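# Structural characterization, general
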Amino acid sequence: MKKRNRLTICLVAGVLILAVSATAAFGSINGYSRYKEALKALALKTDNFTSHATISMTYDGKEVTKVVGDYMMDGTNSAAHSKVWSEGEEQERYETYLNGMSTSFNVNDRYYYQYEYVAGNSSNLLGVDSDDEMMNRFVNFTEIAADTVMGELKNNFVQVGNENGSTLYQVEIAKNQVPSLVNAGLSLFAYGMSRDNRMDGSVLYEDYGASVLSYYEKTTGETLSKEFKDAYINGGTESWHESNQELINKVDEVNADNWEEPYYKVLSDKGNTGIVYVKTDGSYAYYPDYDAYIEANPSESSTDFDNYVGQDMSLETVLCKFGVDDAGKLTSNNLQMTFHTTDKKGGNHTLVIAVDTAFSAYGSTTIQPLDVGDREKRD
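Attention here is on the structure that accompanies the text. What you see is a predicted model; the values in this text were computed from it and never measured. (Residues numbered from 1 in each chain as written. Predicted model: local features only at pLDDT ≥ 70, side-chain atom pairs only at ≥ 80, totals over all residues. Heavy atoms only, no water.)

## Description of the pairing of strand 14 (residues 348-360)
Pairing of strand 1 (residues 48-59) with strand 14 involves 10 bridges; the strand directions are antiparallel. Paired with His52 across the bridge in strand 14 is Ala358. Both strand 13 (residues 330-342) and strand 14 contribute to a ladder of 11 bridges, which runs antiparallel. If you follow Ser332 over to strand 14, its bridge partner there is Ala358. Linkage of strand 13 to strand 14, two consecutive antiparallel strands, is achieved through a turn of 5 residues, within which Gly346 is found at a positive phi near 90°. (Pairing = 2+ DSSP bridges. Helix = DSSP H or I, 4+ residues; strand = E, 2+ residues; numbered from the N terminus.)

In structure tokens:
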């Protein structure tokens, strides 16, 4: 099974939401209000800007992942570029939505993808209707929740200066200042991830496409060429499909005989518990639980955020620096959070997440067509 890159999503959608709520809660009424209103404006009222972000995660002093990305928005048009480093691997991707056409490619791929899309009517970063009653009520709830947390904390917001037309602020939160509500939420989050991501009762594959072709070769006695295998697994151009349609149909027909049934039979015989891990050559191994599976195949867990969160988690310290210009627009937002985590064996670990963002070109950003180079179009 190929490595799963779920880190970025989990970082932004899970832990950061809880920690940022604590960060925003510290500050004078003026500073807190400016920060809150700038975030709301960026998310709900801004449709033209350029941003650059760097996200990194360090576990026990070792950087385990890093993401560097650029995002530009101009109304319903947008462009994104990202580089992801994780466990010695690098992935780089470009994607553009321009005038009803989506174009994208991975840098190491010889293909690019392109299709028409219907642009929405939203005119903000979140892509929601500002008149939507559910969204308005959600925003109101979020504000009240943040204000409630702030009311329980002393103000330790510091204005640290001015730079390039922006007022800069800094907030530091020590371990004994973290609200108990935040740590209770993080503990619940960690425990929930440890339970929900066990994949118990599953059939997993080292490489599903390679297993399909291996079954075909064993069944028919026919040896497929490396070129055909690569194209079948990774996708081919329209011309490749046209040239190889007969063989593609034969492979599909053979594998239509439910070749996966023996693996699910093993799982059924075990009471539909545990994990059956299918190797590329069609052989398999059975593991009674997720932990046994990961112990035997450690590379499969290297990009799973839940393995770093552990079974318990608490926020230790926060350092936040951000800038707001005279128009109330967010120009920078740099956040470093240190967490204490506990693994399933009771071991203690330190997890550090750093997010550095910069925002610019409000009202002057334009989206250009994506240059795909000499790549071939793949449907």
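Back to the text.
## Points about the side chain of Ser332
For Ser332, the location among the structural elements is in strand 13. By relative accessible area, which is 17% here, Ser332 ends up buried. Residues in contact with Ser332, not counting those within four places in the same chain, are Lys321, Phe322, Gly323, Thr357, Ala358 and Phe359. (Buried < 20%, exposed > 50% of the residue type's maximum accessible area, 1.4 Å probe, protein only. Contact = heavy atoms within 4.5 Å.)

## Here we look at the pairing of strand 11 (residues 284-287)
Burial along strand 11 is one-sided: the face carrying Ala285 and Tyr287 is buried and the face carrying Tyr284 and Tyr286 is not. Examined bridge by bridge, strand 10 (residues 275-278) and strand 11 share 4 bridges and lie antiparallel to one another. Residue pairing across strands places Ile275 opposite Tyr287, the latter belonging to strand 11. Counting the residues that bridge the hairpin from strand 10 to strand 11 gives 5 residues, and of these Gly282 lies at a positive phi of roughly 100°.

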